[in-house]
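Below are the chains, spelled out letter by letter.
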Amino acid sequence: MAYDLGAVARLTTTVTDADGNPANAGNMALTITLPDDTTVTVDPVTPASTGTYVFAYTTAQPGRHIVRWLGTGANPAASTDVFDVREAVPVAIVSLADAKKQLNIDPSETGDDDEIRGMITGASLAVERELGTVVARRVFTERRTASRDGRLLLSHVPVLALTSVQSAAGATTWDTSDLAVDTATGLITAATGAPLTGDVDVTHTAGLRIVPDDYQLATLIIVQHLWDTQRGRYGAVPGGSQEPEYVTGRGFAIPRRAIELLDTTLPGVA
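Small disclaimer: the values here were computed from a predicted structure and weren't measured.

## Looking at the sheet that holds strand 14 (residues 187-190)
- The strand order across the open sheet formed by 3 strands is 10-14-13, and the pairing between neighbours is antiparallel. Looking at the sheet topology across the chains shown, the edges are occupied by strand 10 (152-153) and strand 13 (179-182).
- In terms of strand pairing, strand 10 meets strand 14 through 2 bridges, oriented antiparallel. In the sheet register, L153 faces strand 14, and the bridge partner there is L187.

This is the structure in structure tokens:
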């Protein structure tokens, strides 16, 4: 399960004695390795109850976290786990409310919200891979190499705005107002001033200002497909049709109906 940035991750581990009964370790230490490879160490951790250790960690960085519990002395124990923290701006083409409506889940039922939000992110990324376009608007920082004629091509499009453009070494900064951007292709050139040269770090916003209804519906269909397959409802189109939801040669994650809404080519279809 992924946590929102700033949310509290409740970390826990249990210790038993040689007979399998709950027991405290002589000393329990917790180390959390953050996405930037720095660490947070809590030593010692006091047991919440016999053999049970809990620590509430307030998340501060997006990305993968590695959790290491190490009990020493009496009843030694060790365990390792991971958890993820979402970016402050989630990758989401549709809202949680829309997804729950698609799944016929009452808005007051919140027990599955985190699971559904994870599916929304997965479905949104799948849609973007199909389209080759950033749909859910967000900020990217990427390092690109300028061509000999001073052109630079970004990999995340459509481009909405440039935030900063500077050389990888930090020696040169280009004023974004001096740069011309083809928003559809991501091609950047210097309209005035110094040309782009060498390795360049570009921070920019990409995505669609208005998400078309068919893209949103395709995302909802994928979310429902993922939801149903986890609950044993897998195979045919709702309504009794025997036509399979999956497309031969395309795998099982994206149903046929979603692919057609995205207007991508189906195998064997001209």
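## Points about the pairing of strand 14
- Direction of pairing for strand 13 relative to strand 14: antiparallel, over a ladder of 4 bridges. Within strand 14, the residue paired with A180 across the bridge is T189.

## Observations concerning the sheet that holds strand 8 (residues 77-85)
- Strand order in this open sheet of 5 strands is 1-8-7-3-4, and the pairing throughout is mixed. One side of each edge strand has no neighbouring strand; the edge strands of this open sheet are strand 1 (2-3) and strand 4 (39-42).
- Of the pairings in the sheet, the one linking strand 1 to strand 8 comprises 2 bridges and is parallel in character. Looking across to strand 8, one finds that Y3 is bridged to V85.

Scoring rules and cut-offs
- Residues numbered from 1 in each chain as written.
- Predicted model: local features only at pLDDT ≥ 70, side-chain atom pairs only at ≥ 80, totals over all residues.
- Heavy atoms only, no water.
- Pairing = 2+ DSSP bridges.
- Helix = DSSP H or I, 4+ residues; strand = E, 2+ residues; numbered from the N terminus.

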